[in-house]
Amino acid sequence: MNLAVTPGRRIMGRLAKGADLLAALEQVAREQGITLGEVKAIGAVSQARIGYYHQAERQYYFLDLAQPLEIASLMGNISVKDGHPMVHAHVTLSDAQGRAFGGHLAEGTIVFACEYLIQEYQAAAALVRGLDEPTGLFLWPDK
Ligand code: ZN
């Protein structure tokens, strides 16, 4: 399936030091009533937790990075899961040597500093996540 979207508000801001990166982005979406949108951010984290979905085992494995890292790139989207806005984001995090780690942003990633941009979208229908049997993931409908 696909959905034609039109741009709504653009919201820029920063997250508090010590906040959980994923939860804080979701909180902004909920406070602003954004149920469909796009998220971008840069900054730094004091520690990180990123996921890798093992396709054959149909489960996430998490990597805990107990070190300060740059958010070289964060991109994600906002849609609805369980009746609430949900942020799905992937990050590229870089260390002091410029080496990068990347994956599915999980709770447990702690903000040192973060500047974000949220683009709200409007559409004729909501994008709602549900369990997708072929992948085991909570995805948008396929038709
Ligand atoms: Zn993901």
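Rules and cut-offs
- Residues numbered from 1 in each chain as written.
- Predicted model: local features only at pLDDT ≥ 70, side-chain atom pairs only at ≥ 80, totals over all residues.
- Heavy atoms only, no water.
- Donors = N, O, S within 2.8 Å, 3.2 Å for Na, K, Ca; no water.
- Buried < 20%, exposed > 50% of the residue type's maximum accessible area, 1.4 Å probe, protein only.
- Salt bridge = Lys/Arg side-chain N within 4 Å of Asp/Glu carboxyl O.
- Helix = DSSP H or I, 4+ residues; strand = E, 2+ residues; numbered from the N terminus.
- Contact = heavy atoms within 4.5 Å.
- Phe/Tyr/Trp six-rings, centres within 6.5 Å; stacked < 30°, edge-to-face > 60°.
- Lys NZ or Arg CZ within 6 Å of the ring centre and 35° of its normal.
- Pairing = 2+ DSSP bridges.

Draft legend 1. Here's a closer look at the coordination of the zinc ion. Taken together, the protein donors to the zinc ion comprise H88 (NE2), H90 (NE2) and H104 (ND1), at separations of 2.1 Å. The sequence pattern describing where the donors of the zinc ion fall on their chain is H-x1-H-x13-H. Looking at H88, the relative accessible area reads 23%, which means it is partly exposed.

Draft legend 2. Region of interest: the pattern of salt bridges. In the structure shown here, the tally under the stated rule is six salt bridges. Linking D95 and R99 is a salt bridge whose minimum nitrogen-to-oxygen distance equals 2.9 Å. You can call R99 exposed: its relative accessible area is 52%.

Draft legend 3. Fine view of the side chain of E120. Topologically, E120 is positioned in strand β7 (residues 110-123). On the basis of relative accessibility, which here comes to 10%, the residue E120 falls in the buried class. Leaving out residues up to four positions away in the same chain, E120 has contacts with T6, P7, G8, R9, G33, I34, L36 and G37.

Draft legend 4. The packing of aromatic side chains, seen in detail. Summed over the entire model, instances satisfying the criterion amount to two aromatic pairs. Between Y60 and F62, the ring centres sit 5.8 Å apart and the planes meet at 25°, which makes this aromatic pair stacked. Residue classification places Y60 among the partly exposed positions, given a relative accessible area of 29%. Here the basic side chain of K81 rests over the ring of F138, its NZ or CZ set 4.4 Å away from the ring centre.

Draft legend 5. Representation of the environment of V5. Relative to the helices and strands, V5 resides in strand β1 (residues 5-15). Of the residues examined, V5 reaches a relative accessible area of 37% and is grouped as partly exposed. In the structure, V5 is positioned 118 residues away from A123 in sequence and 4.8 Å away in space, judged by C-alpha atoms. Dropping the residues within four chain positions of it, V5 is found in contact with L36, Y121, Q122 and A123.

Draft legend 6. The arrangement of the pairing of strand β3 (residues 59-65) in detail. Alignment of strand β2 (residues 37-54) against β3, held across seven bridges, turns out to be antiparallel. The residue of β3 that forms the bridge with Y53 is Y60. Linking β2 back to β3 in an antiparallel pair, the connection comprises four residues, with R58 at a positive phi of about 55°.

Draft legend 7. Expanded view of unusual backbone geometry. Of note in the backbone geometry, R58 takes a positive phi value of approximately 55° without being a glycine. Among the secondary structure elements, R58 is positioned in the loop between β2 and β3. Residue classification places R58 among the partly exposed residues on the basis of a relative accessible area of 35%. At D82, a residue that is not glycine, the phi angle is positive and equals roughly 50°. Turning to its location among the elements, D82 is positioned in the loop between β4 (69-81) and β5 (84-94). Judged by relative accessible area, which is 65%, D82 ranks as exposed.

Draft legend 8. Spatial organisation of the environment of G33. Tracing the chain through its elements places G33 in the loop between α1 (21-32) and β2. Relative accessible area serves as the criterion here: at 47%, G33 is assigned to the partly exposed category. Placed 51 residues apart in sequence, G33 and H84 show a C-alpha to C-alpha distance of 9.4 Å.

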